[in-house]
Amino acid sequence: MTRLELRDVRKNFGTLEVLSGISMTVDDGEFVSILGPSGAGKSTLLQLLTGAIAGEGEMRFDGAPLDDHGRHFAFMPQRDALMPWRRVIDNAALGLEVQGVRRRAARERVAPLFAEFGLAGFERAWPAELSGGMRQRAALLRTVVQRRDMLLLDEPFGALDALTRTAMQRWLEKMWASHRWTALLITHDVREAVLLSDRIYLLSARPARVVAEVAVPLPRPRTESAALAREAAAIEASILDTLLGAGRTEFPIV
Amino acid sequence: MLPAPSRVLAQAWENRAALADNTLPTIRATLAGFACSVVAAFVLSALVDFLPRLRRALFPILIASQTLPLVAIAPLVVLWFGFGLLPKILLVALVTFFPMMVALVEGYVSTSKEIAQMLAAMGAGRWRIFWLARLPSALPYFFAGLRISITYAVVGAIFAEYAGAAKGLGIYMLSAKNNFRPDLVLAAVAVSSALTLALFGLAVLVQRLAMPWERAGRDAKPEPTEEERP
């Protein structure tokens with residue numbers, strides 16, 4: 001069942017064309033990634049979805065035009081955006097509080113999830129006392145407890161060091177496998193996209209358009225065997241060929 | 001002409017009753033004026049945060065108010081409002097309001113864009129975002145402004161009393177000077193310095209209590225490595 005559907009979505013900033021007709025779908029329980037170079041307009045697309053800015057084209061959710069953006073999406077920004085003045089549990093409960101849940105009730109709903117997110121014992125800690133990976137897990141916890149129809153993840157691990165990022169990607173894959181959230185991930189990390197996604201949309205450089213749609217039919221979890229890793233590597237290579245391959249000049253390699 | 005510190009101390013002790021009697025009104029004027037100033041700065045800064053156009057209209061006036069020489073304005077304010085508490089409150093507020101206002105407005109602007117964007121995506125309106133993000137983001141700036149302007153506040157109160165008061169450190173200094181008692185002038189100066197230091201310390205203490213996460217961040221050791229399995 002198709003949940004999110006974009007048809008020919010465009011966005012200009014003045015004379016600068018950022019999105020040049022993006023069409024895509026996300027099905028129920030599907031993990032979809034948008035993969036593209038930095039500055040391609042990936043974050044602009046997310047801002048359109050969250051309603052921060054307005055664009056042209058058709059955006060539908062469950063068949064209905066997307067007007068009340070806040071109701072459908074739980075948004076996880078690039079950096080963790082944890083509030084330093086709130087304890088971890090209150091950061092995690094923030095979305096519920098904004099929805100009108102009382103602080104105590106919101107805490108009670110969030111607290112049982114701390115163990116699953118590897119944050120048990122850190123409920124009363126300040127964000128500054130957490131490591132980068134823990135902060136990202138707290139941010140993801142804050143995102144999923146909102147129980148929205150769909151997760152929007154904006155390069156969630158971009159600010160982490162390479163090892164932590166890999167650990168977090170594997171962890172997220174396991175979490176996703178047991179929860180099957182409908183999710184849209186924005187990333188410029190090919191390996192991350194292949195590890196996590198059911199399908200990947202490849203974007204061109206600005207003005208962004210979809211250059212290819214790649215299905216990733218690998219079984220999960222994808223980090224188990226060497227054979228799987230080889231298959232994943234083959235998909236990664238073909239994606240890189242599509243993005244950087246012969247005859248394509250829109251990706252200058254610096 | 002310059003009395004020895006020992007004489008200043010001895011005379012301060014001898015005149016302790018009179019000094020205390022004159023310090024209390026100064027404390028009262030300082031705190032009342034400063035409290036009014038902080039409340040006004042908070043209300044106006046919040047207003048300005050919601051109405052950026054108001055900010056452009058208001059700031060030139062506020063900056064102009066900072067150019068008024070206290071020496072000239074203090075006697076006038078006393079002339080207009082008498083020897084009571086009101087002119088002192090006004091003068092203390094005049095010198096402390098602007099730094100507080102600037103600190104708060106800058107503080108709101110310092111709010112992380114990602115936090116604001118995330119709150120908007122959660123469905124928070126302008127007012128919720130102000131309350132949940134912009135106001136807490138301004139706290140470090142607020143306390144920086146508080147520490148700066150609390151030191152102006154005592155000076156402002158003493159200036160106001162100097163221009164005319166029934167009691168207070170300012171008028172005490174004036175009459176000691178007129179009686180050719182530089183030792184007592186210096187004793188009063190010492191009291192006002194101690195008062196400023198105490199208020200500064202109080203501001204630091206309040207900041208610690210109001211922002212416990214700040215210390216947590218400073219004391220926290222970076223966690224070792226990330227475990228693969230949480």
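Residues numbered from 1 in each chain as written. Chains lettered and ligands numbered in written order. Predicted model: local features only at pLDDT ≥ 70, side-chain atom pairs only at ≥ 80, totals over all residues. Heavy atoms only, no water.

Student: What's the story with the interface of chain A and chain B in this structure? I'm lost.
Tutor: One widely used convention gives an interface's size as the accessible area the parts lose upon coming together. Residue-level contacts link 36 residues of chain A with 24 residues of chain B. Regarding the contact of chain A and chain B, the summed buried area is about 2700 Å², with carbon and sulfur atoms giving 66% of it. Looking at the side of chain A facing chain B, the largest losses of area belong to F75, W85 and V98 of chain A, adding up to 25% of the total buried there. If you look at where chain A meets chain B, you find 1 salt bridge. A salt bridge links R79 of chain A to E114 of chain B, with the nearest nitrogen and oxygen atoms 3.4 Å apart. For the pair chain A and chain B, the interface holds 4 residue pairs in polar contact (both at pLDDT 80 or more). Going through the elements one at a time, α1 (42-50), β6 (73-76), α4 (94-98), α6 (132-144) and α7 (162-179) of chain A are the ones with two or more residues in the side of chain A that touches chain B. It is α7 of chain A that contributes the most residues to the side of chain A that touches chain B, 5 residues altogether. Of the residues belonging to the side of chain A that touches chain B, the class tally is 17 nonpolar, 10 polar and 9 charged. (Contact = heavy atoms within 4.5 Å. Buried area = accessible area lost by both parts, 1.4 Å probe. Salt bridge = Lys/Arg side-chain N within 4 Å of Asp/Glu carboxyl O. Polar contact = N/O pair within 3.5 Å; in protein donor to acceptor, adjacent residues only side chain to side chain. Helix = DSSP H or I, 4+ residues; strand = E, 2+ residues; numbered from the N terminus. Nonpolar A, V, L, I, M, F, W, Y, C, P; charged D, E, K, R; others polar.)

Student: Looking at this structure, I do not really get the nonpolar core. What am I missing?
Tutor: Here is a general trend for soluble globular proteins: nonpolar side chains tend to be buried in one another's company. Membership of the largest hydrophobic core comes to 86 residues, with the highest contact counts inside it found for L4, M24, L49 and L184 of chain A together with L119 of chain B. Per-element tally for this core: the top contributor is helix α7 (residues 126-163) of chain B, with 14 residues. Every residue in contact with L119 of chain B, bar those within four places of it in the chain, is listed here: M83, L94 and V98 of chain A together with A124, I129, L132 and A133 of chain B. (Core = buried A, V, L, I, M, F, W, Y, C linked by side-chain atoms within 4.5 Å. Buried < 20%, exposed > 50% of the residue type's maximum accessible area, 1.4 Å probe, protein only.)

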